[in-house]
Amino acid sequence: MSILTAVLFVLAIALLFAFLGVVVLRIYYHAKKAKANNQDHTAN
Amino acid sequence: MEVYLTWMVLKGWTMINKLEYLKSHLSIILAGLIGAGLVLRLAGIAAAPFWYDESYSIYLTRLDLLTMVRVASLDYNPPLWELVLWPFVKILGESELAVRLPVIILALLSVWVAWKITKALGFKQSELLYSFGLISLLGYMFWVAQDARTYSLLIALYLGAFYFAITKKWLGLIACNGLILYCHAVGPFFFLTMMVIAGYINPESINLKKPVLFISFAISGLAFIPWLPVYLHAAGLAFWSTPVTLQGIIFSFYMAFFGGTLPENIGLLGIALIILSVIFACGMSLEPFVKRDWIRSPILALMVFALLPFLFMLQYSLIDKNIIVYRTLGILTIPFALWFGKALTPVRLTKTTVILPGLWTGILITGLLFWSPNTRGGDLREVANLINAQLQPGDIIYHATATSYLPFSLYLNTVNQYVMDTEENPGMLQTQTQNILGVKRASLETLPAGGRVFFIWSHDNIESTEGVKRMTDYVKGSVIIGGVNGWQFSPIVVYEKELNK
């Protein structure tokens, strides 16, 4: 296997992990937002 | 044993019957079960010594990143696991705890993702209890949570892909599917299953104007292109495998559920229980068809989630090489537990409907009684310490193959270790890889004869004929001083011999 292929492999994995990271952060952000909204409703 | 069996079934039955009165406490029981499952996964994580497969990953992570990837391309499986392990080893070292830390994190994460799946599919409390009883307490779940290999990663990614598929989070699905392909040679079967599930749950995504499903799977597939030539080359290589037999499949399923935690007689009951559960769950999964409400049915999605990769692997095994082993089926243990929970939880508890959950309860408790984390790698550490205690200058450790060299070298306090210099059969660690990993190879005759030789011989059954012949000659006149046994690897025998004799 050439160095270039190995580099491409690492980059592909890094990209997939980045996708996963974005989704997890979005889920976390939405959950946090929903919680804050719920608390607002309770306060009202 | 028969008395115990009867006691166990009655005990399980009584416990389940009591649940009728404990319905208001179901959430407490559930929390207790999950808590116990998490603790049992963590308990004794460093107790077992490394075995060959774990030590192979450790040796790979000693290399720099790009060399590691290139060396891994000589093997059958893509090296995503080693890529995840690499920073842990570089930062925390090679102790059992450091090396197994990522797998335990992934195992705990899998339980959380399984929980998210049940919430997304609207599991009832009693269904949660059934599923998480199995997920928390099945013997193989503890096993895989402490085994520093790719399987914990693959389980977490497969569960993650399912969660993203049922919640329409396409980016997450792309990521998990792409990573699944990089985990293991059987990845494509899980990839294809996820395509079926995503299409079934989101039929609107199979739209020619906006083909979200195909685009997302195409992106995951494109990300695999750097490894595709290596993958196709490895698929064509000769590989050690046993023929596909019904007995072999049943045994693999049994191990994928109980991980060798049950005594023999109870093990037979475990096998019967798996078969019965699958039959009943298949029957119950037909319900959506009877009700003519089979679109986006959770029970059908879970059935596909648990069964389809197995059917793909079976098909492949019948055509080419047998890939159905406990490890590949163990990826499906949590999907099976979720499916069983959805399909087998009785609507009403009667003397008949309680039999199956009662038996599961009894057998899970039995598995717990016989589970011991330190038996996983056999007595390798003790045998290595026995040799260490006797070692004198000039003594040589001589291994038949790298199968024993890699794990023993992590515990033996000597650099005088060698592997016999024969060309090994496919399926064994090849000479080229051994050289890159720094495994010392030599013929015994070329080594300086001074003290004693400790021969370590892993009887792999696939060793070269020449290797077996040479080793048989070498160990003549030696004394067996120990052995290492485990159900997942071939027996290792240790011999001692005075070279001058």
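As the structure is a computational prediction, the values presented were derived from the model and not from experiment.

A.B. asks: Quick question: what am I supposed to make of the packing of helix 11 (residues 187–201) of chain B against helix 12 (residues 212–223) of chain B here?
C.D. replies: Two quantities define a packed helix pair, namely the angle between the axes and the distance from one axis to the other. Residue and element names in this part refer to chain B. For the pair helix 11 and helix 12, interaxial distance at closest approach is 10 Å and the crossing angle is 160°. Judged by the inter-axis angle, helix 11 sits roughly antiparallel to helix 12. Between helix 11 and helix 12 the crossing geometry is right-handed. Facing Phe191, Met194, Met195, Ala198 and Gly199 of helix 11, the residues of helix 12 in contact are Leu213, Phe214, Phe217, Ser220 and Gly221. Partitioned by chemical class, the residues of the contact of helix 11 with helix 12 number 7 nonpolar, 3 polar and no charged.

A.B. asks: Help me out: how do you make sense of the packing of aromatic side chains in this one?
C.D. replies: Within a pair of aromatic rings, the relevant descriptors are the distance that separates the centres and the angle that separates the planes. A full pass over the atoms with the stated rule returns 36 aromatic pairs over all chains. Seen from their ring centres, Phe9 of chain A and Trp227 of chain B are 5.0 Å apart, and the 50° between their planes marks the pair as tilted. Of this pair, Phe9 of chain A sits in helix 1 (residues 3–43) while Trp227 of chain B sits in the loop between helix 12 and helix 13 (228–236), on two different chains. Relative accessible area serves as the criterion here: at 2%, Trp227 of chain B is assigned to the buried category. Both rings, one in Phe455 of chain B and one in Tyr474 of chain B, keep their centres 6.2 Å apart while their planes meet at 10°; by these two values the pair is stacked. Placement of Phe455 of chain B in strand 4 (residues 452–458) and of Tyr474 of chain B in helix 24 (residues 465–474) is noted, with a sequence separation of 19 residues between them. A relative accessible area of 0% places Phe455 of chain B in the buried class. Taken together, the aromatic side chains of Phe253, Tyr254, Phe257, Phe258, Phe310, Phe336, Trp339, Phe340 and Trp360 of chain B make up a single cluster linked through ring pairs. In this arrangement the basic side chain of Arg62 of chain B is found over the ring face of Tyr59 of chain B, its NZ or CZ atom lying 4.5 Å from the centre. Across from the ring centre of Phe123 of chain B, 4.9 Å away, lies the NZ or CZ of Lys342 of chain B, which sits over that ring.

A.B. asks: Teacher, can you tell me more about the packing of helix 15 (residues 264–284) of chain B against helix 19 (residues 333–344) of chain B here?
C.D. replies: Residue and element names in this part refer to chain B. Two numbers describe how helix 15 lies on helix 19: the axes approach to 9 Å, and their chain directions differ by 60°. With respect to helix 19, the axis of helix 15 lies oblique. In the crossing of helix 15 with helix 19, the sense of the turn from one axis to the other is left-handed. Facing helix 15, whose interface residues are Ser277, Val278, Phe280, Ala281, Cys282 and Met284, helix 19 presents Phe336, Trp339, Phe340, Ala343 and Leu344. The residue inventory of the contact of helix 15 with helix 19, partitioned by class, reads 10 nonpolar, 1 polar and no charged.

A.B. asks: Explain the pairing of strand 5 (residues 479–486) of chain B to me, please; I cannot follow it from the model alone.
C.D. replies: Within a regular strand, side chains alternate between the sheet's two faces. Residue and element names in this part refer to chain B. Note that strand 5 and strand 6 (residues 489–498) share 6 bridges and pair antiparallel. For Ile480, the partnering residue across the bridge sits in strand 6 and is Tyr495. Two successive antiparallel strands, strand 5 and strand 6, enclose a turn made up of 2 residues.

A.B. asks: I tried to follow the sheet that holds strand 6 of chain B on my own but got confused; where do I start?
C.D. replies: Backbone hydrogen bonds are what pair the strands of a sheet, in a parallel or an antiparallel way. All names here are of chain B. One open sheet holds the 6 strands; their spatial order is 3-2-1-4-6-5, and the pairing between them is mixed. This sheet does not close on itself; its edge strands, each paired only once, are strand 3 (441–442) and strand 5. On top of the sheet, helix 21 (residues 380–390) reaches strand 1 (396–399), strand 4, strand 5 and strand 6; it is set at about 155° to strand 5, its chief contact.

A.B. asks: Can you help me understand the pattern of salt bridges in this one?
C.D. replies: Opposite charge on two side chains lets them pair, provided their charged atoms get close. Residues and elements named next belong to chain B. By the definition in use, this model includes 14 salt bridges over all chains. The shortest N-O distance in the salt bridge between Glu287 and Lys291 comes to 2.8 Å. For Glu287, a relative accessible area of 35% translates into the label partly exposed. Notably, a salt bridge pairs Arg452 with Glu496, separated by 3.1 Å at the nearest N-O pair. With Arg452 in strand 4 and Glu496 in strand 6, this pair connects stretches of sequence that are 44 residues apart. Where salt bridges share partners, they join Lys168, Glu204 and Arg296 into one cluster.

Reading the values: rules and limits
- Residues numbered from 1 in each chain as written.
- Chains lettered and ligands numbered in written order.
- Predicted model: local features only at pLDDT ≥ 70, side-chain atom pairs only at ≥ 80, totals over all residues.
- Heavy atoms only, no water.
- Axes fitted to C-alpha atoms, helices over the stretch in contact; angles between N-to-C directions.
- Helix = DSSP H or I, 4+ residues; strand = E, 2+ residues; numbered from the N terminus.
- Parallel < 35°, antiparallel > 145°, perpendicular 65-115°, else oblique.
- Left-handed = near helix turned anticlockwise from the far one by under 90°.
- Contact = heavy atoms within 4.5 Å.
- Nonpolar A, V, L, I, M, F, W, Y, C, P; charged D, E, K, R; others polar.
- Phe/Tyr/Trp six-rings, centres within 6.5 Å; stacked < 30°, edge-to-face > 60°.
- Buried < 20%, exposed > 50% of the residue type's maximum accessible area, 1.4 Å probe, protein only.
- Lys NZ or Arg CZ within 6 Å of the ring centre and 35° of its normal.
- Pairing = 2+ DSSP bridges.
- Salt bridge = Lys/Arg side-chain N within 4 Å of Asp/Glu carboxyl O.

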